[in-house]
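Each chain is listed here by its residues.
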Amino acid sequence: MDKIKIRGGNSLSGVVEVSGSKNAALPILFSSVLTDELCVYKRVPDLQDIHSTLVLLKYLNIDCEFKSEQHEAQLKANCVNKHEAPYDLVRKMRASVVVLGPLLAKYGKAKVSLPGGCAIGARPINYHLSGLEKLGAKIQLENGYVIASCKRLRGTRVCLEFPSVGATENIMMAATLAKGETVIENTAREPEISDLACALRAMGAQIEGDGTERIFVQGQTSLHGCQYQIMGDRIEAGTYLAAALATKGCIEVTGINTKHLEAVLKKLEKTGAQIERKENAVLLRSPKKLKSVNIVTSPFPGFPTDMQAQFMVIMAIANGISHIKETIFENRFMHVPELIRLGANIIIDGNMAIIHGVKNLIGAPLMATDLRASASLIIGALCAEGESIVNRIYHLDRGYEKMEIKLRALGADIERIL
Ligand code: UD1
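For every chain, the first residue of the written sequence is number 1, and numbering continues from 1 along that sequence. Per-residue local features of the predicted model are confined to residues with pLDDT of at least 70, and side-chain atom pairs are confined, for both listing and counting, to 80 or more; whole-chain, interface and lining totals are unaffected and use all residues. Processing note: side-chain calculations cover all non-hydrogen atoms of the structure and skip hydrogens and water entirely.

Draft legend 1. Up close: the site of the ligand. Taken together, 17 residues lie around the ligand, and Asn-126, Tyr-127, Ser-164, Asp-306 and Ile-328 are the ones closest in. A 3.5 Å cut-off defines polar contacts: any pair of N or O atoms within that distance qualifies, except that in protein one atom must be a possible hydrogen donor and the other a possible acceptor, and neighbouring residues in sequence count only when both atoms are side-chain atoms. In this structure, a nitrogen atom belonging to the ligand sits 2.6 Å away from a side-chain N or O atom of Asn-126. Throughout, the Shrake-Rupley method with a 1.4 Å probe supplies accessible areas, and for residues the shown protein chains are the sole cover considered. For the ligand, whose free accessible area comes to 750 Å², the fraction covered by protein is 84%. Numbering of helices and strands runs from the N terminus; a helix is a DSSP stretch of H or I covering at least four residues, while a strand is a stretch of E covering at least two. The set of elements that each furnish at least two residues to the shell around the ligand consists of helix 5 (126–134) and helix 6 (165–175). Side-chain classes follow a simple rule in which Ala, Val, Leu, Ile, Met, Phe, Trp, Tyr, Cys and Pro form the nonpolar group, Asp, Glu, Lys and Arg form the charged group, and the remainder, Gly included, forms the polar group. For the shell around the ligand, the class distribution of residues is 8 nonpolar, 6 polar and 3 charged. By convention here, the domain bounds are inherited from an automatic or database domain assignment. Of the domains in this structure, domain 1 (3–19 + 232–417) and domain 2 (22–229) are the two that each give at least three residues to the shell around the ligand. Any residue with at least one heavy atom within 4 Å of a molecule or strand is counted as near it.

Now the structure itself:
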């Protein structure tokens, strides 16, 4: 199993370009189920989660070609002969549940494994299911599977109990082929939702209001093929900025819409970092001393839960005490015991982490537990004195393209070992 070896202490400097957004690309690839025609997607990141998505799409008998060097995926779903997402595929990547809405809307049937819990929490899909039921789907749970069927879905009003990203995506995709208008309320406002809405509009869907808490979808009888370019990955961008700050570096991150990162940039500024917002890039210069800053994670436009673990490393070496409150996932502090092994002083109290900044971290062997936790361990190791080995790096490969190569180009002493 691959590991990453890091000799910490080098300040990062230079320019790094982010890849296409993983969390936008996944539902967009699944949206190709909604048409028989060819969909061509550009800036698709070469990640394990993308390969898992393509395995599922191929299983449904969709014609898939992924040119990973060019980051282009071509998908044609004109011969779908299965309507099922089996346990083994959903278990590997829970985002596969967003295939439910498109399959149901296009074929009137879908069988999708319930995803079960994961390292960061229980993560049920009840909001997805009740939304689809409101659109007219019949849903049964049998042997760990969701079995859904319908004639044609009917437009209706769906109000989400919580602005869930996945539920918003599933319901919005299903509504594109429903009869009449669907109004989805209390929707997630994450930029990935708008990127999916743009990709669906490129297929002829009529969607308004994405990016706000109310989305209107006028159902169509069919959608057509498209060409669409995926947005830049705001979480990857935030991760490199956090790594630069933790190592007292100075970097420019390119290929992102800086508006998508505003909550993170504001908090980085509060630590003392100088941030320059450019058209599609951010330049970060580190301060001499890091100030501690409190964080509460919340749905967009709040501070993203996907940046919580990385930000915690900065707080671990900042001056003073900071509080980080996690409100989205109930078990998202798996990185804390590992950061403590690097010498961090962190206490967990329910959904709050209390961090007493220490002078410096010291290298240690580490174990990654989930995607963003892995990123925080890499950042911890980059700023720690001496050598660290990060184990179970397959979590990182799910969501960061060529991370060690990008970090090495910024001056990090990092290598992948077997
Ligand atoms: C997506 C992102 C993930 C990010 C999260 C929050 C993808 C592939 N993943 O995950 O990186 O951390 O948004 O920004 O885009 N919930 C329910 N019932 C449901 C749905 C959600 O109780 O039916 C709960 C979840 O357990 C969680 C919270 O709502 O506590 C938010 O989940 P949600 O926004 O749905 O996250 P995901 O779409 O799974």
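After presenting the structure, the write-up continues.
Draft legend 2. Spotlight on helix 2 (residues 48–59). In a regular helix each residue adds 1.5 Å, so 12 residues correspond to 16 Å; helix 2 covers 17 Å between its end C-alpha atoms and thus fits that length. Only heavy atoms matter for contacts: two residues are in contact if any of them lie within 4.5 Å across the pair. Those residues of helix 2 hidden inside the fold are in contact with helix 1 (22–31), strand 4 (63–67), strand 5 (72–76), strand 6 (84–85), helix 3 (87–92) and helix 13 (394–399). Asn-61 lies just past helix 2 and shows a positive phi near 80°. By this rule, a helix spans an expected 1.5 Å times one less than how many residues it contains.

Draft legend 3. Representation of the domain arrangement of the chain within the structure. Entries for the chain in the domain assignment read domain 1 (3–19 + 232–417) and domain 2 (22–229). Counting from both sides, the interface comprises 27 residues of domain 1 and, opposite them, 20 residues of domain 2. Reported buried area values correspond to the accessible surface (1.4 Å probe) lost by two parts on association, with both partners' losses combined. Summing the contributions of domain 1 and of domain 2, the shared interface buries around 1900 Å²; its carbon and sulfur component is 52%. Looking at the side of domain 1 facing domain 2, the largest losses of area belong to Phe-300, Arg-398 and Glu-401, adding up to 30% of the total buried there. Basic side-chain nitrogens of Lys or Arg form a salt bridge, by our definition, when they fall within 4 Å of a carboxyl oxygen of Asp or Glu. Summed over the shared surface of domain 1 and domain 2, the result is 2 salt bridges. Where domain 1 packs against domain 2, one counts 9 residue pairs in polar contact (both at pLDDT 80 or more). Broken down by secondary-structure element, the contributors of at least two residues to the side of domain 1 that touches domain 2 are helix 12 (371–383) and helix 13. No other element matches the 3 residues that helix 13 contributes to the side of domain 1 that touches domain 2.

Draft legend 4. Local environment of the nonpolar core. Here, the term nonpolar core denotes a set of buried Ala, Val, Leu, Ile, Met, Phe, Trp, Tyr and Cys residues that are joined through side-chain atoms within 4.5 Å. To sort residues, take the accessible area from a 1.4 Å probe on protein chains only and compare it with the maximum for the residue type: under 20% means buried, over 50% means exposed, and anything in between is partly exposed. Formed by 74 residues in total, the largest nonpolar core has its most connected members in Tyr-41, Ile-50, Leu-57, Ile-62, Val-99, Met-172 and Leu-200. Setting aside anything within four residues of it in sequence, one finds Tyr-41 in contact with Ile-28, Leu-29, Ser-31, Ser-32, His-71, Glu-72, Ala-73, Leu-75, Met-203, Cys-226 and Tyr-228. Core analysis: the second largest hydrophobic core is formed by 69 residues, Ile-346, Tyr-400, Leu-407 and Leu-410 among them.

Draft legend 5. Main features of the pattern of salt bridges. Following the criterion strictly, the structure yields 23 salt bridges and no others. Lys-42 is the salt-bridge partner of Glu-72, the closest N and O atoms lying 3.0 Å from each other. Within this pair, whereas Glu-72 is found in strand 5, its partner Lys-42 is found in strand 3 (residues 38–42), the two being separated by 30 residues in sequence. Here Glu-72 falls in the buried class, since its relative accessible area comes to 13%.

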